[in-house]
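These are the residues of each chain, in order.
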Amino acid sequence: MAASYCVEERKACVRWVEKYFKDCLCNMKDEISFSLGLTSLVFWGVAEIPQIITIFRTKKSHGVSLLFLLTWVAGDICNLTGCLLEPATLPTQYYTALLYTITTIVLLLLIIYYDYISNWYKLRQKVNHKRDEEEERKQLKPPKPTYESGIPIPNGTLKAVPRQEHYYMSARSLAGSGTPPWGTYMRAAKSGPSAMESIHDSSSEDDETYPASSKNPPTKARPIPRPAVGSYGTFLAAAVNLPLKANALREGYIRFGGRKLLQEYETHSTFGQGLGWLMAAIYISGRIPQIWLNIKRGSVEGLSPFMFIFALVANVTYVGSILVRTTEFESIKANMPWLLDAVLCVALDLFIILQYIYYRYFRRKEGRGDYYEGERAASS
Ligand SMILES: NC(=[NH2+])NCCC[C@H](N)C(=O)O
């Protein structure tokens, strides 16, 4: 790639920055701006890691507001698109947006796992365990035969059948019916002939009849076939490709002098600006659920203060990177949603950090916070 040249400074752009960030550093101001942008990128890259660790350690996510994280993801989508469409934004802004979108999605998946999937799995295990116990108990103590209840057996003489026998027979008759188990058609369509083979295999197993007096009655649950993993692979490939495509779009804009070109297409810029303002509104309002959650719980247990400290540093350096680069009114105006958002988020993060200090160190001593209650319960 041919290095670009700063006409004003009469020197080549910094090569690696141009190569990897598509940015040209001509002078000291550009270099400071880029360093600040890079600092912001690093801080955003690590900001959510302390919260991820806290959730991993406690296996609970009750300290962080799910709504707050959802607003982050919604804001991130607007941000990414806005950065792509607004030519006045810096390349580091775009890469930062890409990075924190990924870390927030990881954090969100972790919360969904601990709050929903893991709980649901534990509950299911409990239910299964209970059912197994009940079944075991039933088998140890077979119920007394009843002669009034039960489904009449076709071709059968009207003789009294003990209840337990009815249970085995009806289960077997279901297994032997022409209806294949749920999902087997799907497996056949996905995996072709080999799947058909396995279906036949399993149905031949089903066809085996177990005498009612057999020592091993067919009480074992039949495994339900799972869908093939291929479809997840397709999804993953598409997801990985998406940022690359977005990047290509951005690269295309830049290569063809896109920043200037896009400025000529007012509609793009207006749309980018609109998304920028929407993003700012979403990000700013997103802090409210977290502040409210802290107040409601009267505690900050399970919340990592480092997430907000790092976010604060990241937002300050982000503002710095924009303002150091240019003080031209036009550029500042175009970057206004990003600047305003970062400044207001700094103020709100400061508030959350103060909340943290209050609930963690002052309220605790007063004996009203969760910590105090928890400690009291543990010591008693
Ligand atoms: N997923 C993220 N971390 N997004 C970054 C949000 C940036 C925004 N200025 C804020 O502090 O809320």
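Quantities reported herein were computed from a predicted structural model and do not represent experimental measurements.

## Topic: a nonpolar patch on the surface
- Taken together, Ile-105, Leu-109, Ile-112, Tyr-113, Tyr-116 and Ile-117 make up a surface patch of nonpolar side chains, about 570 Å² in accessible area.
- Within the secondary structure layout, Ile-105 lies in helix 5 (residues 91-140).

## Brief notes about the pattern of salt bridges
- All chains considered together, the criterion is met by three salt bridges.
- Across the pair Asp-23 and Arg-325 runs a salt bridge, and its minimum N-O distance is 2.8 Å. Within this pair, whereas Asp-23 is found in the loop between helix 1 (15-21) and helix 2 (28-47), its partner Arg-325 is found in helix 12 (residues 305-325), the two being separated by 302 residues in sequence. Take Asp-23 and Arg-325: they sit in the same class, and that class is buried.
- Here Arg-325 makes a salt bridge to Asp-30, at a shortest N to O gap of 3.9 Å. Placement of Arg-325 in helix 12 and of Asp-30 in helix 2 is noted, with a sequence separation of 295 residues between them. As far as burial versus exposure is concerned, Arg-325 and Asp-30 are alike and both buried.
- Overlapping salt bridges bring together Asp-23, Asp-30 and Arg-325 as one network.

## Here we look at a negative patch on the surface
- Residues Asp-132, Glu-133, Glu-134, Glu-135 and Glu-136 make up a contiguous surface patch of negative charge.
- Secondary-structure assignment places Asp-132 in helix 5.

## Some words on the state of the cysteines
- According to the stated counting rule, one finds two disulfides in the structure shown.
- Note on cysteine connectivity: Cys-6 is disulfide-linked to Cys-26, with sulfurs 2.1 Å apart. Because the torsion about its S-S bond is -95 degrees, the bridge between Cys-6 and Cys-26 counts as left-handed. Separated by 20 residues along the polypeptide, Cys-6 in strand 1 (residues 5-6) and Cys-26 in the loop between helix 1 and helix 2 bring together distant segments of the chain.
- The buried category is assigned to Cys-6, whose relative accessible area is 3%.
- Ordinal numbering of bonded cysteines along the chain defines a disulfide pattern of 1-4, 2-3.

Definitions and limits used
- Residues numbered from 1 in each chain as written.
- Predicted model: local features only at pLDDT ≥ 70, side-chain atom pairs only at ≥ 80, totals over all residues.
- Heavy atoms only, no water.
- Patch = residues over 30% accessible without salt bridge, like charges linked within 9 Å, V, L, I, M, F, W, Y side chains within 5 Å.
- Areas by Shrake-Rupley, 256 points an atom, 1.4 Å probe, with all protein chains shown as cover.
- Salt bridge = Lys/Arg side-chain N within 4 Å of Asp/Glu carboxyl O.
- Helix = DSSP H or I, 4+ residues; strand = E, 2+ residues; numbered from the N terminus.
- Buried < 20%, exposed > 50% of the residue type's maximum accessible area, 1.4 Å probe, protein only.
- Lys, Arg positive; Asp, Glu negative; His and termini not counted.
- Charge placed at Lys NZ, Arg CZ, Asp CG, Glu CD.
- Disulfide = S-S within 2.5 Å.

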